[in-house]
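# Working through the structure, step by step
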Amino acid sequence: MSSSNEFYTFSFANGTVTGMTETDGRKSKTSFIGNSDFSVKTNAAGAVTEVTRTELSRKGYAETTVYSDADGDGRFTESLELEVATATVRSLEKMRFTFGANGDVVGAQEQTIGRNGAVVWKNERIDANEGYSRATIDGDTYLVKTETERNSVEFTLYRDDNQDGIWTEIAEGEVNGNSAINVVALVGLSGGLSAAETLVG
């Protein structure tokens, strides 16, 4: 997520982005946008209030970044970052969870591979600023981990389609602001998750 001194400005033509500049303090640089797709939202007066950028990273993740300009000063800040795994990602984190009587996550284990190639499950601490919930998006069930930081909320989405108890991480991201968030309602999240459909067992 961007620093507090960082903002973005955009050039627009025919309803889309034609240029993008990143400013951090006194330093500004033109961003390369040739590998990106953009969509914009406007207010009643026709001013752009939100820009959504999508691109494919070198590591094989479909990245979505949302830039917002709530006060209309032409300076946009990152409000959402989302990375969704695609079929080209080499390895994905796998987790096992222990659920309490009310369905809450009370224990977590991360899968690692030992020196002899055997699967090893390592206990993972659940900190006080972390929480888990279930969500249904486009008919699929997700376990959503949220981690509240000082000025943002980080989130991770896991799926276990074959219900073998092993959950695969297929997306992660960060939203600006430290208030409670509804991950299901985040901009671009539902459609973006389709990139990972073939990855989950």
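This structure is a prediction, so every number in the text was calculated from the model and none was measured.

## A word on the packing of aromatic side chains
- The final tally for this structure, using the stated rule, is 10 aromatic pairs.
- Geometrically, the ring pair formed by Phe10 and Phe38 is edge-to-face, given 6.5 Å between the ring centres and 70° between the ring planes. One end of the pair, Phe10, is in strand 1 (residues 6-13); the other, Phe38, is in strand 4 (residues 37-42), and 28 residues separate them in sequence. Residues Phe10 and Phe38 agree in their burial class; the two are buried.

## Topic: the nonpolar core
- Tyr142, Leu157, Ala171 and Leu193 are the most contacted members of the largest nonpolar core, which has 15 residues in total.
- Listed by contribution, the elements that provide at least two residues to this core are strand 7 (77-85), strand 11 (130-137), strand 12 (140-148), strand 13 (152-159) and strand 14 (167-176).
- Other than its neighbours up to four places away in sequence, Tyr142 contacts Ser133, Arg134, Ala135, Ile137, Leu157, Tyr158, Arg159, Trp167, Ile170 and Leu193.
- Of all hydrophobic cores here, the second largest spans 10 residues; its members include Phe10, Val48, Val51 and Phe76.

## Focus: the environment of Asp127
- Mapping Asp127 onto the fold places it in the loop between strand 10 (119-124) and strand 11.
- Between the alpha carbons of Asp127 and Glu147 there is a distance of 8.6 Å; along the sequence they are 20 residues apart.

## Overview of the sheet that holds strand 2 (residues 16-24)
- Taking strand neighbours across the sheet as the criterion, the 3 strands line up as 1-2-3 in an open arrangement whose pairing is antiparallel. Edge strands, defined here as strands with exactly one partner in the open sheet, are strand 1 and strand 3 (27-30). When strand polarity is set aside, the average angle formed by the axes of neighbouring strands in this sheet is 25°.

## Observations concerning the pattern of salt bridges
- Tallying each qualifying case throughout the model produces 7 salt bridges.
- With its nearest N and O atoms 3.7 Å apart, the salt bridge here joins Glu50 to Lys41.
- Its relative accessible area of 47% is what places Lys41 among the partly exposed residues.
- With a closest N to O distance of 3.5 Å, Glu55 and Arg53 form a salt bridge. We note that Glu55, like Arg53, is buried.
- Each of Glu124, Glu130 and Lys145 takes part in one network of salt bridges that share partners.

## Section: the pairing of strand 5 (residues 48-56)
- Taken together, the 6 bridges between strand 4 and strand 5 define a ladder with antiparallel strand orientation. If you follow Asp37 over to strand 5, its bridge partner there is Thr54.
- The hairpin turn running from strand 4 into strand 5, its antiparallel successor, is 5 residues long, and Gly46 in that turn takes a positive phi close to 90°.
- Two strands pair when backbone bridges link them, and strand 5 and strand 6 (residues 61-68) are joined in this way by 7 bridges, in the antiparallel orientation. Within strand 6, the position partnered with Val51 by the bridge is Tyr67.
- Hairpin connection of strand 5 to strand 6: 4 residues between the antiparallel strands, including Gly60 at a positive phi of 95°.

## What to know about unusual backbone geometry
- Unlike most non-glycine residues, Asn14 shows phi in positive territory, near 55°.
- The phi angle at Gln163 is positive, at roughly 55°, despite the residue not being glycine.
- By the secondary structure assignment, Gln163 is in the loop between strand 13 and strand 14.
- Classification of Gln163 as exposed rests on a relative accessible area of 71%.

How each quantity is defined
- Going along each chain's sequence as written, the residues are numbered from 1 onward.
- Reporting in this predicted model follows two pLDDT cut-offs: at least 70 for local features of residues, and 80 or more for side-chain atom pairs to be given and counted; totals over whole chains, interfaces and linings ignore these cut-offs and use all residues.
- Calculation of side-chain values draws on the structure's entire complement of heavy atoms; hydrogens and water are dropped beforehand.
- The criterion for an aromatic pair is that two Phe, Tyr or Trp rings (for Trp, the six-membered ring) have centres within 6.5 Å, with stacked assigned to planes under 30 degrees apart, edge-to-face to planes over 60 apart and tilted to the rest.
- Helix and strand labels come from DSSP, where a helix needs a run of H or I of at least four residues and a strand needs a run of E of at least two; each type is numbered from the N terminus.
- We call a residue buried when its accessible area falls under 20% of the maximum for its residue type, exposed when it is over 50%, and partly exposed in between, using a 1.4 Å probe and counting protein chains only.
- As used in this record, nonpolar core signifies buried Ala, Val, Leu, Ile, Met, Phe, Trp, Tyr and Cys residues forming a set joined through side-chain atoms within 4.5 Å.
- Here, two residues are considered to be in contact whenever any of their heavy atoms come within 4.5 Å of each other.
- Only strands that DSSP links by at least two bridges are regarded as paired with each other.
- The axes used here are C-alpha line fits, helices contributing only the stretch in contact, and every angle between their N-to-C directions lies in the interval 0 to 180 degrees.
- By definition, a salt bridge exists where a carboxyl oxygen of Asp or Glu is found within 4 Å of a side-chain nitrogen of Lys or Arg.

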